[in-house]
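Chain by chain, the residues run as shown.
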Amino acid sequence: MLPTLPMAGLLAGGVTLLNAQDLLWPLGVAMSPRTMTGPEVLVTAAPRLGGSGVLPYGLALPLAVAAVALAALAVAQVTYLDRMVAETGR
């Protein structure tokens, strides 16, 4: 089980990154502007932002964070994932 720990860490980071962008749960439970998440603030502020109707989601997920996550995934693909093999029998 020890060789799978790096993948578990990578998956935990990916899940955290995706859950940070979740909109459904925060819209249901945020009671004040102080408890709103980044994507929720962007959605509620969209009418005041104007523009072309495209929300600036880069404020909630900066390009640098997305680039680091994609780079980590690429490094894992090249150096680690090829060693993850499921074996049966002998």
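Residues numbered from 1 in each chain as written. Predicted model: local features only at pLDDT ≥ 70, side-chain atom pairs only at ≥ 80, totals over all residues. Heavy atoms only, no water.

This part is about the overall build of the protein. Within the protein, the secondary structure is distributed over four helices and zero strands. For the protein, the proportion of its 90 residues judged to be buried stands at 11%. Put simply, 41% of the contacts in the protein that link residues at least 6 apart link residues at least 24 apart. Accessible surface computed for the protein: about 7100 Å², of which carbon and sulfur atoms make up 71%. (Helix = DSSP H or I, 4+ residues; strand = E, 2+ residues; numbered from the N terminus. Buried < 20%, exposed > 50% of the residue type's maximum accessible area, 1.4 Å probe, protein only. Contact = heavy atoms within 4.5 Å. Areas by Shrake-Rupley, 256 points an atom, 1.4 Å probe, with all protein chains shown as cover.)

Here the protein averages 77 in pLDDT, while 86% of its residues score no lower than 70. Ranking the elements of the protein by mean pLDDT puts helix α3 (residues 38-49) last, at 76, and helix α4 (residues 63-79) first, at 84. (pLDDT = per-residue confidence, 0-100.)

Considering the arrangement of structural elements, one finds V65 in helix α4. Along the chain, V65 and L17 lie 48 residues apart, while their C-alpha atoms are 9.1 Å from each other.

Let us now look at the layout of surface pockets. Reported here for the largest pocket is a volume of approximately 250 Å³. Forming the walls of the largest pocket are L10, L11, G13, G14, V15, L17, L18, A69, L70 and L73. Considering every element that reaches the lining of the largest pocket, the biggest residue donor is helix α1 (residues 5-20), with seven residues. Tallied by class, residues from the lining of the largest pocket come to eight nonpolar, two polar and no charged. (1 Å grid on protein atoms, 1.4 Å probe; cavity = no way out; pocket = protein on both sides within 12 Å on 5 of 7 lines; lining within 4 Å. Points joined across faces, edges and corners; volume = space filled by probe spheres on them. Nonpolar A, V, L, I, M, F, W, Y, C, P; charged D, E, K, R; others polar.)

Okay, the side chain of E40 next. Note that E40 resides in helix α3. Given a relative accessible area of 2%, E40 falls into the buried group. With residues up to four places along the chain from it excluded, the contact list for E40 reads L23, P26, L27 and A30.

With that settled, consider the environment of T4. The topology assignment puts T4 in the segment before α1. For the pair formed by T4 and L81, sequence separation is 77 residues and the distance between their alpha carbons is 9.7 Å.

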